[in-house]
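Survey of secondary and tertiary structure
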Amino acid sequence: MTDTSSSFPQGDGRPAEGLQGRAGADRAPEERGRTTIADGVVEKIAGTAARDVPGIHALGAGMSRTLGAVRERVPGGGRPSARGGVKVEVGERQAAVDLVVVVEYGVPITELTGDVRVSVISAVERLTGLEVVEVNIAVDDVHLPDEDDDTESRVA
């Protein structure tokens, strides 16, 4: 006689009596798997949080803003990128954020960048659960009140 026992001794896919019940019921749900968050997700969250701070005119360096504006005008080119001017490094539990910003003229830059850090850290930590270890901000330009936002004249 050959032994054909397995973890399903009934042969119908049901576990043996001693194995029935909810597997892992003694473990918390957050311990029953792994969640990974893509860099792009954190970039979008950080970019949106930074743009929401009054005094931020735009994100990204001059050329990337120009190319983004051209891309928006091309049919099917899409809407403005929520990630332009944002770079992140995401680990298992922590994230670091680098931003390139253009500020409105007249806004105190050190206060503004402090507000941006608070906004970005709050949004990323609240929405992802990651600890934000740093937010580095490079102020690339100051937008003057009389400057035209229409990049078409600069691109054409």
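Points about the side chain of Thr 128
Turning to its location among the elements, Thr 128 is positioned in helix α3 (residues 109-128). For Thr 128, a relative accessible area of 17% translates into the label buried. Only 2.5 Å separates the side chain of Thr 128 from the backbone oxygen of Val 124, close enough to count as a polar contact. At a separation of 3.1 Å, a polar atom in the side chain of Thr 128 contacts the main-chain amide nitrogen of Leu 130. Setting aside anything within four residues of it in sequence, one finds Thr 128 in contact with Ile 37, Val 42 and Ile 45.

Points about the environment of Glu 92
Relative to the elements of secondary structure, Glu 92 occurs in the loop between β2 (86-90) and β3 (94-104). Measuring from C-alpha to C-alpha, the distance between Glu 92 and Thr 36 comes to 7.4 Å, with 56 residues separating the pair along the chain.

Things to note about the pairing of β2
Here β2 runs beside β3; their pairing, made up of five bridges, is antiparallel. Bridge assignment links Lys 87 to a residue of β3, and that residue is Asp 98. The hairpin turn running from β2 into β3, its antiparallel successor, is three residues long.

Section: the pairing of β3
By the bridge criterion, three bridges tie strand β1 (residues 56-59) to β3 in an arrangement that is antiparallel. Each residue of the ladder has a partner; that of Ala 58, found in β3, is Val 102. In terms of strand pairing, β3 meets strand β4 (residues 131-143) through 11 bridges, oriented parallel. For Val 101, the partnering residue across the bridge sits in β4 and is Val 139.

Digging into the nonpolar core
Ile 56, Val 97, Leu 99, Val 116 and Val 120 are the most contacted members of the largest nonpolar core, which has 24 residues in total. Contact partners of Val 116, with chain neighbours within four places excluded, come to Ala 50, Val 53, Ile 56, Leu 99 and Ile 137.

Observations concerning the confidence of the model for the protein chain
Averaged over all residues, the pLDDT of the protein chain equals 80, while 65% of them reach at least 70. Mean pLDDT across the elements of the protein chain ranges from a minimum in helix α4 (residues 152-155), with 38, to a maximum in α3, with 98. Of the regions scoring below 50 in pLDDT, residues 63-67 engages in seven contacts with residues more than four places distant in sequence or in other chains.

So, how was this worked out
Residues numbered from 1 in each chain as written. Predicted model: local features only at pLDDT ≥ 70, side-chain atom pairs only at ≥ 80, totals over all residues. Heavy atoms only, no water. Helix = DSSP H or I, 4+ residues; strand = E, 2+ residues; numbered from the N terminus. Buried < 20%, exposed > 50% of the residue type's maximum accessible area, 1.4 Å probe, protein only. Polar contact = N/O pair within 3.5 Å; in protein donor to acceptor, adjacent residues only side chain to side chain. Contact = heavy atoms within 4.5 Å. Pairing = 2+ DSSP bridges. Core = buried A, V, L, I, M, F, W, Y, C linked by side-chain atoms within 4.5 Å. pLDDT = per-residue confidence, 0-100.

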